[in-house]
Amino acid sequence: DSANKIDRYSVSNFTSKNCLTESTAVVPDTRETTAGKFTVCYIYSPDLIERCDELHKIPMRASMVHSLIEAYGLLRHMQVISPTKATLEDMKQFHSEDYLNFLGKIADEDDDNVDEEAHQYGLGYDCPVYKGVYNLACLVSGATLKAADLLISLQARIIINWFGGWHHAKRDSAAGFCYVNDIVMGIQRLRQRFDRVLYVDLDLHHGDGVEDAFCTTNKVLTVSVHKHSPGFFPGTGSVTDVGVGKGKYYSVNIPLHDGIKDEQFVPLVCRILAHVKDRYKPEVVVCQCGADGIAGDPMESFNLTPVALMKCIYLLLSWNLPIMLLGGGGYHHANTARCWAYITGGVLGRKLACEIPDHKFLMEYGPDYELQIEVGNMKNHNSIEFLKRVYKQVTENISHIVQQEEEKTIQ
Ligand SMILES: O=C(CCc1ccccc1NC(=O)c1cccc(C(F)(F)F)c1)NO
Ligand SMILES: [Zn+2]
């Protein structure tokens with residue numbers, strides 16, 4: 001039935017006047033999505049939060065996210081699962097031993113000639129060296145691996161891990177302030193049980209680390225929607241970037257310009273996801289929900305509200321596949337907490353009060369103390385013609401995806 005959803009997105013829907021039609025096509029009534037049907041698991045431990053709070057670019061953000069979800073009384077509607085630390089063996093499934101040994105070496109404070117070596121591993125300005133980094137790597141990786149194990153063991157259908165989603169890290173280097181790529185490790189774990197994995201990256205930035213890891217295989221299809229403009233990090237992810245070899249056409253990139261709003265973002269992304277679903281027939285979904293594209297973020301690039309991410313996630317949930325939701329970017333800490341609390345409520349089919357409930361970080365939500373985030377009035381550099389062109393190119397790429405016969409899962 002997602003096919004008929006496609007033609008409900010006639011291209012004219014890229015204009016704001018049609019935003020009401022797309023909201024009927026994509027957003028099933030929340031009661032029919034997940035409330036009561038499946039257990040929703042929420043990955044959390046005090047240690048994981050404390051380590052993430054230390055990340056120097058997002059200090060205390062993890063605590064703010066968790067505290068707001070707790071303050072809205074959502075924890076009692078989920079199974080809260082404490083993650084185990086990933087072992088060196090676990091992380092070696094993706095990262096090189098040299099890189100992991102180097103991260104481990106940093107932990108021993110006595111070693112001071114760390115700085116020269118640091119740069120060859122992408123450590124330095126964007127990813128500063130600090131003593132707790134190895135411990136962070138084990139916890140963050142362990143959290144997403146735990147999420148994957150829960151999906152594999154069919155213990156739950158929906159796993160939320162707002163403390164994962166570090167999509168830039170490479171096999172042998174940190175990047176874009178991601179030290180380890182928990183997403184790649186989680187997808188590799190899922191591949192032990194599922195034949196075809198769909199990865200969706202809604203973060204403002206191109207999910208290059210995940211795309212690179214799987215660009216040569218047709219067993220993981222990556223879709224990334226992101227800002228793509230000269231000089232903007234990481235610079236990859238153009239629409240012609242489709243993957244290589246057996247993976248050709250299994251990397252899907254939706255490059256956008258500054259200023260995109262919900263009314264254009266939702267129909268474009270959802271129509272493309274519907275095409276991908278029909279052609280690829282994924283068995284499990286991993287969705288990175290980075291919030292740095294939300295209006296008010298210091299990145300000042302996209303002009304989205306959490307509703308846009310929620311509507312894309314509702315489409316994914318409507319497929320009734322096992323799914324893992326991950327965090328990622330988001331540098332306005334209160335808005336990031338608002339966004340992920342709103343999504344958590346939406347997944348549970350629970351309405352959240354507009355007033356931010358009293359809790360430890362209430363003062364961060366002034367002056368309005370509301371859950372809603374108002375769109376900004378920044379210029380939208382995405383013309384209708386541009387969006388039509390991107391959509392045409394992306395759907396042409398996707399049309400090359402062929403039905404796959406079932407294969408034994410390897411590993
Ligand atoms: O969000 C990211 C990584 C963003 C990034 C990539 C490369 C180098 C640095 C960064 N991070 C920032 O630019 C950054 C991080 C925290 C806060 C800010 C702020 F200036 F926008 F607040 C900016 N990926 O999804
Ligand atoms: Zn980002």
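On a predicted model such as this, the values are computed, not experimentally measured, just so you know.

Student: Help me understand the sheet that holds strand β5 (residues 220–227) in this model?
Tutor: Sheet strands pair via backbone hydrogen bonds, and the direction of the pair is either parallel or antiparallel. As summarised here, the arrangement of the 8 strands in space is β2-β1-β3-β8-β7-β4-β5-β6, forming an open sheet in which the pairing is parallel. Two strands close off the open sheet at either side, each with one partner strand: β2 (79–81) and β6 (251–256). Each strand of the sheet is rotated relative to its neighbour by a mean of 15°, with strand direction disregarded.

Student: Even after reading the chapter, I still don't get the pairing of strand β3 (residues 158–161), so can you show me in this structure?
Tutor: Along any regular strand, the residues point their side chains to alternate faces of the sheet. On β3, burial covers both faces: I158 and I160 on one face and I159 and N161 on the other are all buried. When strand β1 (residues 40–43) meets β3, the two strands line up parallel, connected through 3 bridges. In the sheet register, Y42 faces β3, and the bridge partner there is I160. In this structure, β3 lies alongside strand β8 (residues 323–326), joined through 4 bridges in parallel fashion. Bridging from a neighbouring strand, I159 pairs with M324 of β8.

Student: Is there a simple way to explain the site of ligand 1 in this structure?
Tutor: Of all residues adjacent to ligand 1, which total 13 residues, the nearest are H167, H168, D203, D292 and Y331. D203 has a polar side-chain atom sitting 2.8 Å from an oxygen atom of ligand 1. Separating an oxygen atom of ligand 1 from a side-chain N or O atom of H205 is a distance of 3.2 Å. When the free accessible area of ligand 1 is taken as 550 Å², the share hidden by the protein chains comes to 77%. Residues of the shell around ligand 1, tallied by class, amount to 4 nonpolar, 5 polar and 4 charged.

Student: Could you clarify how one ought to interpret the coordination of the zinc ion (ligand 2) in this entry?
Tutor: Where a metal carries four tetrahedral donors, each ideal angle is 109.5 degrees; where it carries six octahedral donors, the ideal angles are 90 or 180 degrees. Protein coordination at the zinc ion (ligand 2): the donors are D203 (OD), H205 (ND1) and D292 (OD), at 1.9 to 2.1 Å from the metal. Coordination at the zinc ion (ligand 2) is irregular: its 6 donor atoms span angles of 29 to 157° at the metal. Along the chain, the residues donating to the zinc ion (ligand 2) fall in the pattern D-x1-H-x86-D. In this pair, H205 is assigned in the loop between β4 (197–201) and α11 (208–214) and D292 in the loop between β7 (284–288) and α13 (306–318), connecting sequence segments 87 residues apart. Overall, H205 belongs to the buried group, its relative accessible area being 7%. What makes D292 buried here is its relative accessible area of 1%.

Student: Whenever I open this one, the pairing of β7 confuses me. Can you help?
Tutor: A large share of β7 lies buried, amounting to 5 of its 5 residues. Burial along β7 is two-sided: the residues V284, V286 and Q288 and V285 and C287 are all buried. Here 5 bridges tie β4 to β7, and the two strands are oriented parallel to one another. In the strand pairing of β7, Y199 is matched with V286.

Student: Could you clarify how one ought to interpret the environment of K281 in this entry?
Tutor: Within the secondary structure, K281 sits in the loop between α12 (262–280) and β7. The spatial distance from the C-alpha of K281 to the C-alpha of R193 is 15 Å, given a sequence separation of 88 residues. Once residues within four sequence positions are removed from consideration, K281 is found in contact with R196, V276 and Q403.

Conventions adopted
Residues numbered from 1 in each chain as written. Chains lettered and ligands numbered in written order. Predicted model: local features only at pLDDT ≥ 70, side-chain atom pairs only at ≥ 80, totals over all residues. Heavy atoms only, no water. Pairing = 2+ DSSP bridges. Helix = DSSP H or I, 4+ residues; strand = E, 2+ residues; numbered from the N terminus. Axes fitted to C-alpha atoms, helices over the stretch in contact; angles between N-to-C directions. Buried < 20%, exposed > 50% of the residue type's maximum accessible area, 1.4 Å probe, protein only. Near = heavy atom within 4 Å. Polar contact = N/O pair within 3.5 Å; in protein donor to acceptor, adjacent residues only side chain to side chain. Areas by Shrake-Rupley, 256 points an atom, 1.4 Å probe, with all protein chains shown as cover. Nonpolar A, V, L, I, M, F, W, Y, C, P; charged D, E, K, R; others polar. Donors = N, O, S within 2.8 Å, 3.2 Å for Na, K, Ca; no water. Tetrahedral: all angles 85-135°; square planar, octahedral: opposite > 155°, others 65-115°. Contact = heavy atoms within 4.5 Å.

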